[in-house]
Amino acid sequence: MRIVNAGAATRNISIVRFLLVPLFLLILAGCAPKSYVVLLQSPDGTTGQVVVSGSGGTQTLATAGQRAPLDGSTPASPMKTEDIMAEFAQAIAARPKIPTQFLLYFTGGVTLTKESAALIPAIIAEAASRPAADLSVIGHTDTLKSDEYNDQLALQRAKKVAESLSAKGLKALTMTIEWHGKRNLLVQTPDNTFEPKNRRVEVSVR
Amino acid sequence: MRGLILMVALLLAPCVGAAGEEPIGYVKTITGDASVTTDDKKVVAAVGTPLYQGSLMETGKKGSMGVTFKDGTVMSFGADTVFKVDEFLYAPTQGKLKFASKLAKGSLNYVSGVIEKLKPDAVVVATPKGNIGVRGTQFLVVVEE
């Protein structure tokens, strides 16, 4: 008698589960977040992280193609590539070309090395490929001599590169000249150290 | 000395926005209706429109807009989007690094720049539902009202 009852109960639970599971999934689908973030691979091939925090908690996304609601209420879950492309087609299509950097080196003073001088036309071509190109030209030095001396030298180097770009026909919306002197070393050295890799101008083309 | 920046206008001088402030970025792509509002002055966005700290970017029902910032951050907005730059500090030699912004509604494609590489907690995109902390990557976000 008991055994039969137990069997009947099991059958009842199975029927309930059979009905409830699809219902539960339907409710879940109805609750798919309308405000959410999707992590993607960066244009440079790496993937970093985003952390969302809201009234529902905090979630970390570390895998490309995952999404999570902005209120942080549920963990990250995969989103199909075609769904991502459909939802974000306009924003993705509007993405400007990713900015690029050039490093130019000096034999000493304000004279560019032969290899770096040859990059001037490449920078001009890069700017021409972009709408309303804007450039930053930032001068740097190694740590020989004083701050004041190196600020002046870094400025002169940046000016020299900007002048070369203009003279060779750069077309751009704006170009800003900045100098970091010996405060922004590419290769870390003690003070008063000769280091050719720090004698440079960085040109960013956006 | 180190805070000084020389502006060299090659083709046309950028429109003056907030007095004395340098642009922090420029509009690079546009489709349909899009605008930029700085200091309560709203202009129809065009390729080359400058952006400043406090600028509000908006796109219309069929609009989209792509912008780049001075630190190399790239953003693009889909239709019906409202996005504001609250704070943008990019002075690496002085350690001043911050990028705080707000996506009120719409969609955004974000590609990281240099600020968060130098200072990992310096970049936050706020939304009405929650905040997004960014650690050197690309992401998409949509906010529905």
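Owing to the predicted nature of the structure, the values given are computational and were not obtained by experimental measurement.

Parameters at a glance
The numbering scheme is per chain: residues are counted from 1 as the chain's sequence reads. Both sets of labels track the order of writing: A upward for chains, 1 upward for ligands. With pLDDT at 70 or above as the cut-off, local features in this predicted model cover only qualifying residues; side-chain atom pairs require 80 or more to be listed or tallied, and sums for whole chains, interfaces and linings still use all residues. Only hydrogens and water are set aside when side-chain values are computed; all heavy atoms of the structure are taken into account. The distinction between a cavity and a pocket rests on a 1 Å grid over the protein atoms alone: a 1.4 Å probe fits inside a cavity but cannot get out, while a pocket stays open yet meets protein on both sides within 12 Å along at least five of seven lines, and a residue with an atom within 4 Å of a point counts as lining. Grid points are joined across faces, edges and corners, and a volume is the space filled by probe spheres set on the points. Residue polarity is assigned by list, with Asp, Glu, Lys and Arg as charged and Ala, Val, Leu, Ile, Met, Phe, Trp, Tyr, Cys and Pro as nonpolar; anything else, Gly included, falls into the polar class. Here, a salt bridge means any side-chain nitrogen of Lys or Arg that lies within 4 Å of a carboxyl oxygen of Asp or Glu. Helical segments are the DSSP runs of H or I of at least four residues, strand segments are the runs of E of at least two, and each set is numbered from the N terminus. The cut-offs for exposure are 20% and 50% of the maximum accessible area for each residue type, with area from a 1.4 Å probe on protein chains only; residues under the lower value are buried, those over the upper are exposed, and the others partly exposed. To obtain the arc, one takes the directions from the helix axis to the C-beta atoms. One less than the residue count of a helix, multiplied by 1.5 Å, gives the span that helix is expected to have. When checking whether two residues touch, look at their non-hydrogen atoms; a contact exists if any pair is within 4.5 Å.

What exactly am I supposed to notice about empty space enclosed by the protein here?
Empty pockets left among the atoms are what a rolling probe the size of a water molecule brings to light. Tallying each qualifying case throughout the model produces 1 cavity of 30 Å³ or more. In this structure, the largest cavity occupies an estimated 70 Å³ of space. Surrounding the largest cavity, 10 residues form its lining, D134(A), T176(A), P23(B), Y26(B) and K70(B) being those nearest its centre. In the lining of the largest cavity, the residues fall into 4 nonpolar, 2 polar and 4 charged.

For this particular structure, what's the right way to read the pattern of salt bridges?
Where side chains of opposite charge bring their charged atoms close, a pairing between them can arise. What the rule picks out here adds up to 15 salt bridges over all chains. The residue K28(B) makes a salt bridge to D134(A) at a minimum N-O spacing of 2.7 Å. Of this pair, K28(B) sits in strand β2 (residues 25–31) while D134(A) sits in strand β8 (residues 134–140), placing the two residues on different chains. Among the residues examined, K28(B) registers a relative accessible area of 3% and is labelled buried. Under the relative-accessibility criterion, D134(A) is labelled buried at 3%. Residue K182(A) is joined to D191(A) by a salt bridge in which the shortest nitrogen-to-oxygen separation is 2.9 Å. Under the relative-accessibility criterion, K182(A) is labelled buried at 15%.

For this particular structure, what's the right way to read helix α5 (residues 120–128) of chain A?
An α-helix turns once every 3.6 residues. As a result, residues three or four positions apart point the same way. Here α5(A) has its buried residues at I120(A), I123(A), I124(A), E126(A) and A127(A). Mapping the buried residues of α5(A) onto a view down its axis gives an arc of 160 degrees, with all of them on the same face.

Would you take a moment to explain helix α6 (residues 147–167) of chain A for this structure?
Residues and elements named next belong to chain A. With 21 residues, α6 should cover 30 Å at 1.5 Å per step; its first-to-last C-alpha distance of 30 Å lies within 8% of that length. What α6 keeps buried is the set N150, D151, L153, A154, L155, R157, A158, V161, A162, S164 and L165. One or two residues past the end of α6 sits G169, with phi positive at roughly 100 degrees.

Whenever I open this one, the environment of L108(B) confuses me. Can you help?
If you trace the backbone, L108(B) turns up in strand β10 (residues 96–111). Accessibility expressed as a relative area gives 0% for L108(B), which makes it buried. Note: C-alpha distance between L108(B) and V82(B) (26 residues apart in sequence) is 9.7 Å. Those residues in contact with L108(B) that lie beyond four places of it in its chain are A91(A), M75(B), S76(B), F77(B), F83(B), L103(B), V125(B), F139(B), L140(B) and V141(B).

What is shown is where atoms sit, not what they do.
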